[in-house]
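Examination of the molecular architecture
These are the residues of each chain, in order.
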Amino acid sequence: MSNTVKETWQRYRSVPIVYRIAAAFVLGSVVGLIVGEPATNLQPLGDLFVRLLKMVIVPIVVFTLVMAARSLAPKDLGKVGGQVVLLYIFTTMVAIAIGLGVSNLIDPGTGLLLEDAMKKQAVESKQSPGLTQVLLGIVPENPFSAMAEGKILGVIFFALAFGIGLTVVRDEAEEGSTVYNGVQTTFDIVEAGAEVMFKIVWGVMEFGVIGVFALMAALFAKTGPEAILSLVKLFATLAIAITLQITLVYLLVIVKGLVGRSPIDFLRGSREAMVTALSIRSSSGTLPVTMSNADENLGVDEGVFSFSLPLGATINMDGTAMYLGIAAIFTANVVGEPLTITQQVSVLVTALIASIGTAGVPGASIVMMTVVFTQVGLPIQAIALVIGIDPLLDRMRTMNNVTGDLAVTTLVAKWNDAIDFTTGVWAGETESLRDIPSSTTGDD
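Please read all numbers here as calculations on a predicted model, not as lab measurements.

1. Looking at the overall build of the chain
The number of helices and strands found in the chain is 18 helices and zero strands. Taken over 444 residues, the chain has a buried fraction of 55%. In the chain, of all internal contacts separated by at least 6 residues, the share reaching a separation of at least 24 is 84%. Accessible surface, the chain as shown: approximately 18,700 Å² in total, 63% of it carbon and sulfur.

The following block contains the structure:
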């Protein structure tokens, strides 16, 4: 019997966590619709999941952003690196703005109201300061108070400042000196802390299967089938926003306008990477295909794409950052308290910075969503409403991210005369790919 239980557990664990959560989402929704009011008794299990998510917010932000600052040391970037990083930041900012703009037009989530407790939390968050105070609030008077009170922008600012400060001290210190070794030890501790938090996040996500089931059962017991239509509207909003980002920003502005080449040729040169990203939901897993496309199809010099593409797979989360803006508008609408302009600016700033640090975290979109929701006072319980369809949304976001990586890489190569426009798709030729990764684990 024990062997049977062990084998069953192993088969269960072999299924990617995102699919188990999606199944819990569906089953919980069905139970809520069928059982009705008694299903609300499962709410405490969902509340426990929410508390676990809140628990990891501050430490994951601190550890990952300090490590991000270490990786983005100005001394190591150089001209090409600086261009790549600035373009990634710019396209991410535009992506969030597009997501917020489309969301304000479509208003996903309207017509569906969550329970009074969530609405009360959102009403309290509406008593927010003006834009000037929000911007000043980025710099915390006391970083430890900011951590204790969950003031995420202040935590982000301090973590980046501390990480950059460590990097500067390390670069100025003599190698082997006490100061140099101390900084290296600090980075080692932070890296170990980040790894520990990754393990904790995975544990939280494992319990998330139960938590999402409970939250959805309780939610559908109260709202009925109206929530399904809201999710369809959410999907449509993201699809439209991603279409605009790829068409307007990557193809027309970057490829056509700045590179001066045909968007159709660029798409032909990037199609294997785009299809692979759509299939396996992982920028990192798609990286071999993306680099092959940049080299063989787009004619980019290895000195550019060997830096820009791995970095993009780590920090360039345009699609995910865009989705955070859409999810924030969606959640604000379902609690009946739309976000103010000031709060939307706060969403943009938080999502932009958080996407750099948390992109490599398992369940990154959920962690980032928790960070953004906390900053603007939205109920974290609402994450359960969208987490079930995340595998489908994640495919679109990952395809967007990979397309953006290649567009930025092509532009930087053009600026630095590191691209051959006489070969590959630019000359009407493409190379067939022999190896496409089979990984099915999403990380965006």
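2. Description of the environment of Asp405
Note on placement: Asp405 falls in helix α18 (residues 390-415). When the C-alpha positions of Asp405 and Leu311 are compared, they lie 8.8 Å apart, and in sequence the two are 94 residues distant. Once you skip the residues sitting within four places of it in the chain, Asp405 turns out to touch Tyr88, Leu309, Gly312, Ala313 and Asn316.

3. Things to note about unusual backbone geometry
Unlike most non-glycine residues, Asp107 shows phi in positive territory, near 55 degrees. Residue placement: Asp107 occurs in the loop between α4 (74-106) and α5 (116-125).

4. Let's talk about helix α12 (residues 283-297)
Of all the bends in α12, the greatest, near 35 degrees, is centred on Val289. Every buried residue belonging to α12 is among Ser283, Gly285, Thr286, Leu287, Val289, Thr290, Ser292, Asn293, Ala294 and Asn297, and all of these are buried. Directly after α12, the chain includes Gly299, whose backbone phi takes a positive value near 70 degrees.

5. Thoughts on the confidence of the model for the chain
Confidence along the chain averages 80 in pLDDT terms, with 84% of residues attaining 70 or more. Taken together, the stretch residues 116-129 has pLDDT below 50 and engages in 26 contacts with residues farther than four places along the chain or on a different chain. Counted against residues more than four places away or in other chains, residues 431-441, with its pLDDT under 50, gives 22 contacts.

6. Details of helix α8 (residues 152-172)
Taking 1.5 Å of rise per residue, 21 residues should cover 30 Å, and α8 covers 30 Å from first to last C-alpha, within 8% of that figure. Within the sequence span of α8, burial applies to Ile152, Leu153, Gly154, Val155, Ile156, Ala159, Gly163, Leu166, Thr167 and Arg170.

7. So, the environment of Ile21
Looking at where Ile21 falls in the secondary structure, it is placed in helix α2 (residues 17-35). Residue class for Ile21 comes out buried when judged on its relative accessible area of 3%. Along the sequence, Ile21 and Ile389 sit 368 residues apart, while their C-alpha atoms lie 9.4 Å from each other. In contact with Ile21, other than residues within four places in its own chain, are Met205, Gly208, Val209, Val212 and Ile387.

8. What to know about the pattern of salt bridges
Inspection of every chain in the model, using the stated rule, returns four salt bridges. Ionic pairing is found between Arg20 and Glu206, a salt bridge with its closest N-O pair at 2.7 Å. Of this pair, Arg20 sits in helix α2 while Glu206 sits in helix α9 (residues 178-223), and the two are 186 residues apart along the sequence. Among the ionic pairs, Arg397 bridges to Asp394, the shortest N-O distance being 3.4 Å. One end of the pair, Arg397, and the other, Asp394, are both in helix α18, three residues apart, so they sit about a helical turn from each other.

9. Some thoughts on a nonpolar patch on the surface
Where nonpolar side chains cluster on the molecular surface, the patch consists of Val26, Val30, Leu33, Ile34, Val35, Ile228 and Val232 and spans about 620 Å² of accessible area. Every element with two or more residues in the nonpolar patch is listed here: α2 and α10 (226-259). Per element, the largest residue contribution to the nonpolar patch is five residues, and it comes from α2. Counting through the fold element by element, Val30 comes out in helix α2.

10. Section: the packing of aromatic side chains
Aromatic ring pairs: the centre-centre distance and the angle between the two ring planes describe each pair. Inspection of every chain in the model, using the stated rule, returns two aromatic pairs. Directly above the ring of Tyr12 sits Arg20, whose terminal nitrogen or CZ lies 4.5 Å from the centroid. Geometry around Phe421 places Arg261 over its ring, the cationic atom sitting 3.9 Å from the centre.

11. Overview of the packing of helix α13 (residues 302-315) against α18
The interhelical angle for the contact between α13 and α18, taken along N-to-C directions, is 150 degrees, at an axis separation of 10 Å. In this view, α13 runs roughly antiparallel relative to α18, as classed from their interaxial angle. Once α13 is placed against α18, the crossing between them reads as right-handed. In this structure, α13 contributes Val304, Phe305, Ser308, Leu309, Gly312 and Ala313 to the contact, and α18 contributes Asp405, Leu406, Thr409, Val412 and Ala413. Classifying every residue of the contact of α13 with α18 gives seven nonpolar, three polar and one charged.

What counts and what doesn't
- Residues numbered from 1 in each chain as written.
- Predicted model: local features only at pLDDT ≥ 70, side-chain atom pairs only at ≥ 80, totals over all residues.
- Heavy atoms only, no water.
- Helix = DSSP H or I, 4+ residues; strand = E, 2+ residues; numbered from the N terminus.
- Buried < 20%, exposed > 50% of the residue type's maximum accessible area, 1.4 Å probe, protein only.
- Contact = heavy atoms within 4.5 Å.
- Areas by Shrake-Rupley, 256 points an atom, 1.4 Å probe, with all protein chains shown as cover.
- Bend = angle between axes of the 7 residues up to and from the residue.
- pLDDT = per-residue confidence, 0-100.
- Expected span 1.5 Å × (residues − 1).
- Salt bridge = Lys/Arg side-chain N within 4 Å of Asp/Glu carboxyl O.
- Patch = residues over 30% accessible without salt bridge, like charges linked within 9 Å, V, L, I, M, F, W, Y side chains within 5 Å.
- Phe/Tyr/Trp six-rings, centres within 6.5 Å; stacked < 30°, edge-to-face > 60°.
- Lys NZ or Arg CZ within 6 Å of the ring centre and 35° of its normal.
- Axes fitted to C-alpha atoms, helices over the stretch in contact; angles between N-to-C directions.
- Parallel < 35°, antiparallel > 145°, perpendicular 65-115°, else oblique.
- Left-handed = near helix turned anticlockwise from the far one by under 90°.
- Nonpolar A, V, L, I, M, F, W, Y, C, P; charged D, E, K, R; others polar.

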